[in-house]
Amino acid sequence: KPKTTCSILLMLGIFHFAFPRYIVATGSMDPTIPKGSYVIAIREELLIHGPSKGDIVVFEQVDGISPHPWIHRIIAVSGDEFTPLDRKGRIDTNRNADLSNNLNITNIPEGFVHQSGDSNTSYHGLAKEELILAKVIFHFKLPWK
């Protein structure tokens, strides 16, 4: 029995490390992942390749931006050409510029991704790839939230 208990504890520890879990704190991913949903992710270090366009990922908390890890979709990766107005009319709040400046195609710099929530009011903009903690692999709405 002690061997079985140790094996179970070891497997739970590995699962806990490899597949972190989060509760979505905001409505920025509505309607795809509603506020209060439970998310299971796989750590970025365990992925075969880096983030891809369309992936939903967990970003590390950043002072002044978010007091907790945040979950957004990758819209474009390093080297991609991206037109900010392609995002359903949302304005890139990283730039304090008028819309005419946002009509230009932007190349995403090396080491960065363009990220956004799925809601029409969600913040979007550039984020360093190194802030990506994990890729979301499963999510569901908690019944009591």
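About the criteria used
Residues numbered from 1 in each chain as written. Predicted model: local features only at pLDDT ≥ 70, side-chain atom pairs only at ≥ 80, totals over all residues. Heavy atoms only, no water. Salt bridge = Lys/Arg side-chain N within 4 Å of Asp/Glu carboxyl O. Helix = DSSP H or I, 4+ residues; strand = E, 2+ residues; numbered from the N terminus. Phe/Tyr/Trp six-rings, centres within 6.5 Å; stacked < 30°, edge-to-face > 60°. Lys NZ or Arg CZ within 6 Å of the ring centre and 35° of its normal. Core = buried A, V, L, I, M, F, W, Y, C linked by side-chain atoms within 4.5 Å. Buried < 20%, exposed > 50% of the residue type's maximum accessible area, 1.4 Å probe, protein only. Contact = heavy atoms within 4.5 Å. Pairing = 2+ DSSP bridges. Axes fitted to C-alpha atoms, helices over the stretch in contact; angles between N-to-C directions. Patch = residues over 30% accessible without salt bridge, like charges linked within 9 Å, V, L, I, M, F, W, Y side chains within 5 Å. Areas by Shrake-Rupley, 256 points an atom, 1.4 Å probe, with all protein chains shown as cover.

**Observations concerning the pattern of salt bridges**
Tallying each qualifying case throughout the model produces 2 salt bridges. The partner of Lys 135 in a salt bridge is Asp 55, with the nearest N and O atoms 3.5 Å apart. Of the two residues, Lys 135 is situated in strand β9 (residues 132-141) and Asp 55 in the loop between β2 (37-43) and β3 (56-59); the sequence distance between them amounts to 80 residues.

**Some details on the packing of aromatic side chains**
Throughout the structure, instances matching the rule amount to 3 aromatic pairs. In this structure an aromatic cluster arises from ring pairing among Tyr 38, Phe 138 and Phe 140. The ring of Phe 17 is capped by Arg 43, whose NZ or CZ atom sits 4.7 Å from the centre of that ring.

**Quick word on the nonpolar core**
Listed in full, the 11 residues of the largest apolar core are Tyr 22, Val 24, Met 29, Ile 33, Val 39, Ala 41, Ile 56, Val 58, Ile 71, Ala 134 and Val 136. Looking at this core, the elements that each hand over two or more residues are β2, β3 and β9. Among residues more than four places away in sequence, those in contact with Ile 56 are Met 29, Thr 32, Ile 33, Ile 71, His 72, Arg 73, Lys 135 and Val 136. Core analysis: the next-biggest nonpolar cluster, separate from the first, contains 10 residues, Val 57, Ile 74, Val 77 and Ile 132 among them.

**Focus: the sheet that holds strand β1 (residues 21-23)**
The strand order β1-β2-β9-β3-β4-β7-β8 describes an open sheet built from 7 strands, whose pairing is antiparallel. Single-partner strands in this sheet number two, and they are β1 and β8 (124-128). The sheet shows a mean angle of 45 degrees between the axes of neighbouring strands, taken without regard to direction. Across 4 bridges, β3 lies against strand β4 (residues 70-77) in antiparallel orientation. Bridge pairing links Phe 59 to Trp 70 in β4.

**Overview of a nonpolar patch on the surface**
Residues Ile 8, Leu 9 and Leu 12 make up a contiguous nonpolar surface patch of roughly 310 Å² in combined accessible area. Here Leu 12 is to be found in helix α1 (residues 2-18).

**Points about the environment of His 16**
The residue His 16 is located in helix α1 in this model. A C-alpha to C-alpha distance of 9.9 Å links His 16 and Ile 42, two positions 26 residues apart in sequence. For His 16, the contacting residues outside a window of four places in its chain are Arg 21 and Arg 43.

**Some points on the pairing of β4**
Most of β4 sits inside the fold, with 7 of its 8 residues counted as buried. With 4 bridges connecting them, β4 and strand β7 (residues 112-116) associate as antiparallel partners. Residue pairing in the sheet places Ala 76 in a bridge with His 114 of β7.

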